[in-house]
Amino acid sequence: MSESSGTVERVILAEPRGFCAGVEMAIKALTWMVRSFEGPVFCYHEIVHNRVVVDRFEALGVVFVDDIDDVPEGRPIMLSAHGTAPAVVDAARRRGSFVVDAVCPLVTKVHHEVRSRAEKGYTIVYIGHDGHEEAVGTMAVAPEAIHRVEHVADVEALPDLGEHVALLAQTTLSHRDWAAVAEAAHARFPEIWTPGRSDLCFATTNRQAAMVELAPRCDAIVVIGSANSSNTLALERLARESGCATVLRVNSVDDLPRRADGSADLMGTIGVTAGASAPEELVAEVIAALNPTNGTETLRVVDEDEYFPPPRNLRDLIAAVDRFASFGLGGPPTRGATTGDRDVPASDALAALR
Ligand code: SF4
């Protein structure tokens with residue numbers, strides 16, 4: 001950290017930051033949907049929790065709904081990355097001409113755990129945020145067998161749950177928040193079953209690990225992400241807990257505090273990170289506005305190279321369209337349109353849709 005000189009001297013960029021593999025997959029899948037179908041394409045819930053991403057797709061004619069009954073019969077439907085209640089998935093299939101479930105595979109894993117433990121007669125203690133779409137979708141897998149808790153006091157208030165109790169969690173919780181409640185659950189139910197590997201996702205954990213190293217080095221931290229993004233709020237909280245006095249969460253560059261001359265009203269060394277739903281273009285705009293006199297450096301804590309391919313039925317559809325187009329044009333079949341999917345960042349796909 002530095003003595004303030006009235007200007008932003010340096011920006012330290014957290015790495016990893018921004019889009020995770022699940023968000024990458026969901027955004028590119030919706031991009032494929034927009035390209036493959038005549039509009040409107042419908043999406044159940046925000047595809048990811050970021051206003052810029054949602055606005056971009058709305059401008060392309062995607063209609064976001066919170067009730068499947070609002071989708072006209074026969075229209076293509078995408079289900080969001082947060083995971084969807086089984087009854088809603090069934091309703092979408094009955095209604096939609098083509099349904100793509102862009103649920104993150106890590107959320108699917110928790111759905112499987114809930115289903116299998118409930119079938120084995122367990123009662124599940126699920127650590128999750130009240131009303132969060134992932135928590136709502138996961139609990140709907142076995143509502144009769146699940147108790148949601150968020151705080152230690154919630155665990156203490158649980159009734160006797162019998163002999164077979166399992167502990168599962170929302171993927172995007174902060175490790176600190178999860179650990180305290182998990183510890184209370186172990187104390188209350190000493191024989192509690194837990195998965196071999198915690199449900200907390202690598203992307204959330206990696207972004208938080210970067211924050212723990214970043215915060216003590218900075219005069220202020222800027223966290224880019226939306227207020228309804230659970231992992232963004234966890235980053236904001238962690239920045240404060242890690243010893244940084246000034247922590248700002250911004251949706252975009254427009255939320256940065258400004259002086260009368262238009263420059264950013266921050267000083268010294270500024271740490272910048274982004275939640276898992278925030279596109280890299282927002283990071284670039286924030287850095288440009290901070291305009292550091294001594295440039296930008298990157299603080300990398302881990303390499304992240306996870307990749308989730310598009311949902312299978314979407315891959316099959318795109319391959320079929322691709323084969324048909326090749327055949328119609330008289331050319332040889334191509335290697336498949338999604339072959340290069342891994343090499344195209346969702347930020348680029350998103351930017352190309354402008
Ligand atoms: S934050 Fe984790 S669980 Fe959520 S979409 Fe990204 S990778 Fe999947």
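Remember, predicted model here, so these are calculated numbers, not experimental data.

**Focus: the domain arrangement of the chain**
Step number 1: In terms of domains, the chain is made up of domain 1 (8-20 + 202-300), domain 2 (21-104 + 309-352) and domain 3 (105-188).
Step number 2: Summarising the inter-unit geometry, the C-alpha centres of domain 1 and domain 2 are found 30 Å apart.
Step number 3: With 16 residues of domain 1 in contact, the opposing surface of domain 2 contributes 14 residues.
Step number 4: If you tally residues by element for the side of domain 1 that touches domain 2, the top one is helix H10 (residues 280-290), at three residues.
Step number 5: Looking at the side of domain 1 that touches domain 2, its residues break down into seven nonpolar, seven polar and two charged.

**Brief notes about the sheet that holds strand E7 (residues 146-149)**
Step number 1: The parallel open sheet is built from three strands, whose spatial order is E7-E6-E8. At either margin of the open sheet sits one strand with a lone partner, and together these are E7 and strand E8 (165-169). Strand-to-strand twist in this sheet, taken as the mean axis angle between neighbours without regard to direction, amounts to 25°.
Step number 2: Helix H7 (residues 175-188) contacts strand E6 (123-127), E7 and E8 of the sheet and is inclined by roughly 155° relative to E6.

**Let's talk about the pairing of strand E1 (residues 8-15)**
Step number 1: Of all eight residues in E1, seven are buried, a share of seventy percent or more.
Step number 2: Pairing of E1 with strand E11 (residues 268-274) involves five bridges; the strand directions are parallel. In the strand pairing of E11, Ile12 is matched with Gly271.
Step number 3: When E1 meets strand E12 (residues 296-300), the two strands line up parallel, connected through five bridges. By the bridge assignment, Leu13 is partnered in E12 with Thr298.

**Describing the nonpolar core**
Step number 1: The biggest cluster of nonpolar side chains holds 102 residues, and the ones touching the most others in it are Leu30 and Met78.
Step number 2: At nine residues, the largest contribution of residues to this core is made by helix H1 (residues 21-36).
Step number 3: In contact with Met78, other than residues within four places in its own chain, are Ala29, Leu30, Met33, Val41, Cys43, Ile47, Val100 and Ala102.

**Quick notes on the sheet that holds E1**
Step number 1: If you walk across this open sheet you meet the five strands as E10-E9-E11-E1-E12, and the pairing is parallel. For this open sheet the edge positions go to strand E10 (246-250) and E12, each flanked by a neighbour on one side alone. Neighbour-to-neighbour, the strand axes of this sheet turn through a mean angle of 25°, independent of strand direction.
Step number 2: Against the sheet, helix H8 (residues 202-214) makes contact with E1, strand E9 (220-224), E11 and E12, and its axis sits at roughly 150° relative to E1, the strand it touches most.

**Considering H10**
Step number 1: Along H10, the residues that are buried comprise Leu282, Val283, Val286 and Leu290. Angularly, the buried residues of H10 cover 100° about the axis, an arc narrow enough to put them on a single face. Turned more than 90 degrees from where H10 packs its buried face, Ala284 and Ala288 sit exposed.
Step number 2: Elements that come into contact with the buried residues of H10 comprise E1, helix H2 (51-59), E9, E10 and E11.
Step number 3: Phi turns positive, to about 50°, at Asn291, one or two residues after H10.

**A word on the site of the ligand**
Step number 1: Near the ligand you find 15 residues, and of these Cys20, Gly22, Cys104, Thr171 and Cys201 are the closest.
Step number 2: Listing elements by their share of the shell around the ligand, those giving two or more residues are H1, helix H4 (105-119) and H8.
Step number 3: Among the elements that make up the shell around the ligand, the one with the highest residue count is H1 (three residues).
Step number 4: Partitioning the shell around the ligand into residue classes produces 10 nonpolar, five polar and no charged.

**Quick word on the environment of Ala87**
Step number 1: Counting through the fold element by element, Ala87 comes out in helix H3 (residues 86-95).
Step number 2: Between the C-alpha atoms of Ala87 and Ala140, which are 53 residues apart in sequence, the distance is 8.1 Å.

**A short note on unusual backbone geometry**
Step number 1: Here the amide bond leading from Glu15 into Pro16 is cis, since omega sits at 5°, within 30 degrees of zero.
Step number 2: Within the element layout of this structure, Pro16 appears in the loop between E1 and H1.
Step number 3: Along the chain, Gly39 connects to Pro40 via a cis peptide bond; the corresponding omega equals -5°.
Step number 4: With a phi close to 70°, His45 is a non-glycine residue in the positive phi region.
Step number 5: Take His45: it is sitting in the loop between strand E2 (42-44) and H2.
Step number 6: Residue His45 is classed as buried on the basis of its C-beta count, with 21 C-beta atoms lying within 10 Å.
Step number 7: The phi torsion at Asn291 lies on the positive side, around 50°, for a residue other than glycine.

The rules behind each value
Residues numbered from 1 in each chain as written. Predicted model: local features only at pLDDT ≥ 70, side-chain atom pairs only at ≥ 80, totals over all residues. Domains from an automatic or database assignment. Contact = placed C-beta atoms within 7 Å. Helix = DSSP H or I, 4+ residues; strand = E, 2+ residues; numbered from the N terminus. Nonpolar A, V, L, I, M, F, W, Y, C, P; charged D, E, K, R; others polar. Pairing = 2+ DSSP bridges. Axes fitted to C-alpha atoms, helices over the stretch in contact; angles between N-to-C directions. Buried ≥ 20, exposed ≤ 12 C-beta atoms within 10 Å, placed from the backbone. Core = buried A, V, L, I, M, F, W, Y, C linked by C-beta atoms within 7 Å. Arc of directions from axis to C-beta. Near = placed C-beta within 6 Å.

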